[in-house]
Amino acid sequence: MSGIDVKSLYLTELKSEIVNLNLQTFRAQQIYQWLHVNGASSFDQMTNISKQLRDTLSNYFHIFNCEIEKKFVSQIDGTVKYLYRLNDGEYIEAVLMKYKYGYTLCISTQVGCKMGCEFCASGKGGFVRNLTPSEMLSQIHTAQNDMNVRVSHIVLMGMGEPLDNYKNVLKFLKLVSDSNGLNIGMRNITISTSGLVDRIYDLLSENLQLTLSVSLHAPNDRIRNSIMPINRKYPIDDLLSACRRYAQITSRRVSFEYAMINGLNDSAEDAKELSQKIEGIHCHVNLIPINNIKENNFRKSSTERLKKFLSVIRSNGINVTVRRSLGSDIDASCGQLRSRHQKGEV
Ligand code: SAH
Ligand code: SF4
């Protein structure tokens, strides 16, 4: 895999490369459109470019693609889960969901993850490598071309910790929202993090209209330390201060994800403590009955405990919902498919 990673270049960077090749600059615009708008996976698809020139370009550049290794379609709601194979043979996952307002794609940002959260299949498998901006974009292009749809919303909630791959994720965000490219507005993009506080402040300084989603999963350091090692580096109060600041400065509502684990973080007292901790933050709480994964013994909360937890939060005047579970028949939670594939189960 030699050659410059052409889909990770800004249009201005692509223009410089085209000039280096002694070609006319309008070629850059043409190539950029093929790559970003049409999702071309090879130069041979670029039919308004001569064969000779396509060969020159193929020798100089490389297009990072995602090939569909496995695809599962939910019989219940049409959610599509992809296991993609990257050019170096690694596997990642993406999930396409249909909502009233359009298609949302949940994408991966790393192969594996370093954060090691106890309840997560991606965390249990360890870290392999960061994804490039082009590999994040290709997840969208491949899904769009496969289903013949246009994705309008992106969530960075697949495998990996987006803020641990900060530079590439930021470049991806700028490329995906470029009006010469896919043109998906920042307001339609949600970034989910386990709480890398320094990087949240970095993101804030970029002044983007992104939605921040924080995987909180606990009301205090004691419980959070026991399931999320990152909390030892960035304790919950520091994390919540960053969230408060993010909501104030961007005027965007922060979303708190809270995986309900039976007997661990789902008591009425936990709900009360959580309400106090997040009081006054412009936010929304999303309760997620945890997906059972083979790698641990966590079980989802009973409906009774879930209802009680929700009513305590709501009685404190906080926006709260239970996450609609899409694709429940196809294992749509990220990390599970790759790990099952590694074990030869799918
Ligand atoms: N690393 C980022 C984004 C990817 S994880 C983060 O942690 O936010 C996406 C979401 O799935 C997170 O909210 C994560 O906590 C949640 N998650 C992981 N394993 C889960 C499981 N077994 N059941 C339910 N949610 C899970
Ligand atoms: Fe990584 Fe997020 Fe899974 Fe934690 S929950 S291990 S941060 S992918």
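Everything quoted here is computed from the prediction, not taken from an experiment.

Caption draft 1: Focus on the overall build of the protein. Within the protein, the secondary structure is distributed over 13 helices and 14 strands. What you see for the protein is a C-alpha radius of gyration of 21 Å, in line with the 20 Å of a compact globule of 346 residues. Across its three principal axes, the protein shows a C-alpha extent of roughly 70 × 45 × 35 Å. A separation of at least 24 residues holds for 68% of the contacts in the protein among residues at least 6 apart in sequence. Total accessible area on the protein stands at roughly 15100 Å², and carbon and sulfur atoms take up 45% of it.

Caption draft 2: Layout of the site of ligand 2. Close contacts around ligand 2 come from Cys113, Met115, Gly116, Cys117, Phe119, Cys120, Gly123, Gly160, Glu161 and Ser194, and that covers them all. Tallied by class, the residues present in the shell around ligand 2 amount to five nonpolar, four polar and one charged.

Caption draft 3: How the structure looks around the packing of aromatic side chains. Evaluated as defined, the whole model comprises five aromatic pairs. Here tyrosine 82 and tyrosine 84 contribute two aromatic rings whose centre-to-centre distance is 5.3 Å and whose plane-to-plane angle is 10°, an arrangement assigned as stacked. These aromatic residues form a ring-pair network of at least three members: Phe43, Tyr60 and Phe61. Here lysine 171 stacks its cationic end above the ring of tyrosine 10, 4.7 Å away from the centre of that ring.

Caption draft 4: Looking closely at the site of ligand 1. Near ligand 1 lie 16 residues; those nearest to it are Gly160, Ser192, Ser215, His217 and Asn291. Within the side chain of serine 192, an N or O atom sits 2.6 Å from an oxygen atom of ligand 1. Look at ligand 1: alone it shows 530 Å² of surface, and the protein chains cover 91% of it. Of the residues assigned to the shell around ligand 1, the class counts are six nonpolar, eight polar and two charged.

Scoring rules and cut-offs
- Residues numbered from 1 in each chain as written.
- Chains lettered and ligands numbered in written order.
- Predicted model: local features only at pLDDT ≥ 70, side-chain atom pairs only at ≥ 80, totals over all residues.
- Heavy atoms only, no water.
- Helix = DSSP H or I, 4+ residues; strand = E, 2+ residues; numbered from the N terminus.
- Rg over C-alpha atoms; globule rule 2.2 N^0.38 Å.
- Contact = heavy atoms within 4.5 Å.
- Areas by Shrake-Rupley, 256 points an atom, 1.4 Å probe, with all protein chains shown as cover.
- Near = heavy atom within 4 Å.
- Nonpolar A, V, L, I, M, F, W, Y, C, P; charged D, E, K, R; others polar.
- Phe/Tyr/Trp six-rings, centres within 6.5 Å; stacked < 30°, edge-to-face > 60°.
- Lys NZ or Arg CZ within 6 Å of the ring centre and 35° of its normal.
- Polar contact = N/O pair within 3.5 Å; in protein donor to acceptor, adjacent residues only side chain to side chain.

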